[in-house]
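Chain residues, written in single-letter form:
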Amino acid sequence: ARKAFSGLEALEHLNLGNNAIRSIHPDAFTRMKKLKELYMNSDGFLCDCQLKWLPQWLAVKGFQTTVEATCAHPEPLKNRSIFTVPAESFVCDDFPKPQIILQPESTVAVLGRDVRFTCSAASSSSSAMTFAWN
């Protein structure tokens with residue numbers, strides 16, 4: 001989400017390890033001017049045109065050694081590090097991508113109590129959509 005890290009402008013260390021990250025919005029880290037360390041490991045990236053910016057940004061910031069990011073889709077890029085994928089291979093024209101129509105709202109969770117999130121998506125594909133929550 002574009003504003004996922006809003007209010008964290010002074011953050012210097014960010015650990016996104018063990019999160020099933022699929023994509024990151026280009027503006028996600030824009031306001032984090034003091035970020036010195038970024039840790040991330042995900043083998044589920046959707047390596048499309050919207051992720052094209054990430055490998056270069058990570059390299060410029062010097063985060064390549066603390067980030068393990070692997071493509072899960074499209075199939076020709078599956079299991080490849082985003083750092084080894086040529087920029088021209090990050091394209092959006094080879095498959096229909098579902099769009100999130102309704103995003104879950106922020107909520108406060110209490111230990112031991114159920115929390116319900118509502119999400120809605122649509123796709124131009126005739127294939128069935130599946131949702132996974134980790």
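Above this note sits the structure.
Quick notes on the rules
Residues numbered from 1 in each chain as written. Predicted model: local features only at pLDDT ≥ 70, side-chain atom pairs only at ≥ 80, totals over all residues. Heavy atoms only, no water. Core = buried A, V, L, I, M, F, W, Y, C linked by side-chain atoms within 4.5 Å. Buried < 20%, exposed > 50% of the residue type's maximum accessible area, 1.4 Å probe, protein only. Helix = DSSP H or I, 4+ residues; strand = E, 2+ residues; numbered from the N terminus. Contact = heavy atoms within 4.5 Å. Disulfide = S-S within 2.5 Å.

## Focus: the nonpolar core
The nonpolar side chains of soluble globular proteins are, as a tendency, buried together.
Here is step 1: Ile24, Phe29, Leu38, Phe45 and Ile82 are the most contacted members of the largest nonpolar core, which has 25 residues in total.
Here is step 2: Contributing elements (two or more residues each) for this core: β2 (37-46), α1 (53-61) and β3 (67-73).
Here is step 3: In this view, Ile24 contacts Phe29, Met40, Phe45, Gln50, Leu51, Trp53 and Leu54; residues no more than four positions away in its chain are not counted.

## Remarks on the state of the cysteines
Here is step 1: In this structure the tally under the stated criterion is two disulfides.
Here is step 2: Two residues, Cys47 and Cys71, share a disulfide whose sulfurs are 2.0 Å apart. For the disulfide bridge between Cys47 and Cys71, the dihedral angle about the S-S bond is near -95°, and by the sign convention the bridge is left-handed. Remark: Cys71 occurs in strand β3 and Cys47 occurs in the loop between β2 and α1; sequence separation between them is 24 residues. A single burial state applies to Cys47 and to Cys71, both of which are buried.
Here is step 3: In this model Cys49 forms its disulfide with Cys92; the gap between the sulfur atoms is 1.9 Å.

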